[in-house]
Every structure is written in C-alpha cells, then in structure tokens.
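# Results of the structural survey
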Amino acid sequence: MYRLFDELALRYDLHTPPDHYRHDHAFVLEQAAALGSPCRLLDVGCGTGVLLEKARQAGVLATGIDASPAMIRVAEARVGTGAAAVGRMQDIDDEAAYDLVVSLSWTLNYCSGRAELVDVLRRMRRALRPGGRVLLQVAHAAHVDGRLMEDREPGPTGEPDDVVFLYRFVRLDGEDWPMRAEYVYACKSLNELTHELHLLRMADAHAVATCASEVGFHDVQVYDSWRRDPLQGSPSPFVSAVHGVAAR
Ligand SMILES: C[S@@+](CC[C@H](N)C(=O)[O-])C[C@H]1O[C@@H](n2cnc3c(N)ncnc32)[C@H](O)[C@@H]1O
C-alpha cells in the first residue's frame with residue numbers, strides 16, 4: 001500500500017483538491033445522466049469520495065470501492081457510511097448491478113500487468129447491465145515527458161502555498177507498458193515531507209482498449225480528454241466502452 005493512499009490519505013485532498021478534476025467529474029455525470037434514471041454507478045478506486053459526493057448530489061446512485069481503508073474512511077466522512085467500502089478492483093464480483101462503472105485518475109494502472117487487467121475488465125463488464133458503460137481514465141506512457149511539475153495549494157487552515165506537490169512521470173522499458181510516477185508531498189505548516197515512487201502498468205490507452213474488446217466490450221473508444229477528442233497528446237486519456245449484449 002502506498003503511503004499517499006494510506007497514512008497520508010487525510011492529506012490527499014490538500015495536494016489534490018476536490019476541484020482539480022471538475023471537468024472529468026462533469027464528464028462522468030453527463031454519462032450517468034444518459035444511462036439511467038437514476039443511474040447506478042460504481043466508482044472503482046473512489047479515493048476520498050469526491051466523485052461520489054458530486055454524483056450523489058446529482059441524484060446518481062453512486063457507490064465506491066477502494067483498496068485503501070484509510071481512503072475509505074475519508075470518503076465515508078464525505079458521503080456517509082454505506083456509500084463507500086474497502087474493496088479491490090481485482091475482487092469485483094457483482095453481476096448486472098450497475099449502469100456505469102468508472103475508474104478515474106489511473107487506479108486501473110495499479111494492476112500487476114496485462115493478465116490482471118483483463119480479469120479486472122471482465123469483472124467490470126460482468127458488473128454492468130447489458131447496455132451499461134465503462135469509463136476508465138488511464139495513464140498513457142507515450143505521452144509523458146519526464147518533466148518535473150509543481151502544484152502549490154492552500155494548507156489546512158487556508159494559508160496560501162502551504163502545500164507543495166511535486167510530480168514527475170517517467171516511461172520505463174519493459175512488458176506491459178510500465179511507467180513510474182514520482183511524488184513529493186510537503187506541507188510547511190504541518191512540517192510534513194514525503195517522497196514516494198509508484199509503479200504503474202498497462203500505461204497505454206490503446207492496449208487497455210484492446211483488452212476491453214477482448215473481454216466482450218463493444219464500441220470501445222479512446223478519448224484524449226473529457227472533451228471526447230481523439231487521442232493526441234494527453235498522458236491521461238479515457239477509454240470508454242459499452243457492455244454489449246452477448247455473454248462471453
Ligand atoms: C490516484 S488515486 C485516485 C483516487 C480517485 N479515483 C480520484 O480520482 O481522486 C488511486 C486510488 O486507487 C486506489 N487503489 C489502488 N489499487 C487499487 C486496487 N487494486 N483496487 C481498488 N483501488 C485501488 C488507491 O487506494 C487510491 O485511492
């Protein structure tokens with residue numbers, strides 16, 4: 001378990017404020033509105049529950065799972081108990097329970113490789129009703145440039161630039177499109193400083209799309225961003241696919 005998702009779960013919204021991914025979340029809510037009334041949504045790797053909160057406020061029947069008990073505690077504080085549960089994407093075993101399954105911000109890339117990704121996608125498809133949709137935001141290593149980037153955010157009591165988040169994504173050689181994410185989190189007022197390396201796999205949207213087709217998804221699309229434009233330069237594209245109907 002990575003520290004950013006475990007002992008530092010309470011700091012996640014400091015370095016990655018809820019507002020950061022508002023366009024991605026709006027994209028998900030748009031899909032949800034098109035799929036059901038109310039739409040049953042599963043957020044895989046729900047983290048601190050930001051999407052869950054927005055979805056529930058929009059009338060979506062949104063629930064989430066996350067492998068990290070610490071992240072789930074933060075999510076529960078945001079959306080209440082019952083809406084989020086500790087669970088690994090590798091263990092999803094629902095059947096036809098959802099209209100929409102989403103997984104944002106590279107959660108899927110914490111799989112161990114192609115075989116595991118295929119199994120997770122099969123489980124996601126089984127969890128969907130026929131005609132349901134999956135929306136996956138994945139890392140795309142071909143579009144990372146190894147540049148060191150920096151965000152400065154307010155601290156816990158609102159003081160500007162108190163939190164510094166440095167990050168860099170490095171493409172690695174090897175099977176299953178490996179990539180390394182390097183993170184430095186610092187909060188001056190709390191006197192906290194942490195550095196962590198995350199190994200990501202299957203960091204290729206086309207490979208994820210191929211795996212989705214293999215397990216029976218139809219209409220598999222790769223989008224550069226929430227704008228639904230063709231993949232061109234984004235390190236964080238979306239793969240969207242429809243359950244299809246025939247069982248496999
Ligand atoms: C980068 S965070 C993204 C969180 C959230 N989706 C968001 O957009 O803010 C990745 C999340 O995936 C979770 N995670 C990692 N491996 C997982 C697994 N095997 N199954 C479910 N969740 C997992 C982590 O605990 C973490 O909360």
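About the cut-offs
- Residues numbered from 1 in each chain as written.
- Predicted model: local features only at pLDDT ≥ 70, side-chain atom pairs only at ≥ 80, totals over all residues.
- Heavy atoms only, no water.
- Helix = DSSP H or I, 4+ residues; strand = E, 2+ residues; numbered from the N terminus.
- Pairing = 2+ DSSP bridges.
- Axes fitted to C-alpha atoms, helices over the stretch in contact; angles between N-to-C directions.
- Near = heavy atom within 4 Å.
- Polar contact = N/O pair within 3.5 Å; in protein donor to acceptor, adjacent residues only side chain to side chain.
- Areas by Shrake-Rupley, 256 points an atom, 1.4 Å probe, with all protein chains shown as cover.
- Nonpolar A, V, L, I, M, F, W, Y, C, P; charged D, E, K, R; others polar.
- Buried < 20%, exposed > 50% of the residue type's maximum accessible area, 1.4 Å probe, protein only.
- Domains from an automatic or database assignment.
- Contact = heavy atoms within 4.5 Å.
- Buried area = accessible area lost by both parts, 1.4 Å probe.

### Regarding the environment of Pro17
By the element assignment, Pro17 lies in the loop between helix 1 (12–15) and helix 2 (22–35). Separated by 171 residues in the primary sequence, Pro17 and Lys188 place their C-alpha atoms 17 Å from one another.

### Let's talk about the sheet that holds strand 8 (residues 179–187)
The four strands lie next to each other as 6-7-8-9, forming an open sheet whose pairing is antiparallel. With one partner strand each, in any of the chains shown, strand 6 (149–153) and strand 9 (192–200) form the two edges of the open sheet. Each strand axis lies, on average, 15° off the axis of its neighbour in the sheet, ignoring direction. Bridge count between strand 7 (residues 163–171) and strand 8: nine bridges; the pairing is antiparallel. Its bridge partner being in strand 8, Leu166 is matched across the sheet by Val184.

### What about the site of the ligand?
What surrounds the ligand is a group of 17 residues, the closest being Gly45, Asp66, Met89, Gln90 and Ser105. Between the ligand and Gly45, the relevant distance is 2.6 Å, taken from a nitrogen atom to a main-chain nitrogen or oxygen of the residue. Starting from 590 Å² of accessible surface for the ligand in isolation, the protein chains cover 90%. For the shell around the ligand, a count of residues per class yields eight nonpolar, seven polar and two charged.

### Comments concerning the pairing of strand 9
The alternating pattern of strand 9 places Glu192, Thr194, Glu196, His198 and Leu200 on a buried face, while none of Leu193, His195, Leu197 and Leu199, on the opposite face, is buried. Direction of pairing for strand 8 relative to strand 9: antiparallel, over a ladder of nine bridges. In the strand pairing of strand 9, Glu182 is matched with Leu197. Joining the antiparallel neighbours strand 8 and strand 9 is a turn of four residues, in which Asn191 adopts a positive phi near 55°.

### Some words on the domain arrangement of the protein
Examined at the domain level, the protein breaks down into domain 1 (3–141 + 203–242) and domain 2 (143–200). On a C-alpha basis, the centres of domain 1 and domain 2 stand 21 Å from each other. With 26 residues of domain 1 at the interface, the matching set in domain 2 holds 24 residues. For the pairing of domain 1 and domain 2, the buried interface totals around 2200 Å² over both sides, and the portion due to carbon and sulfur atoms is 64%.

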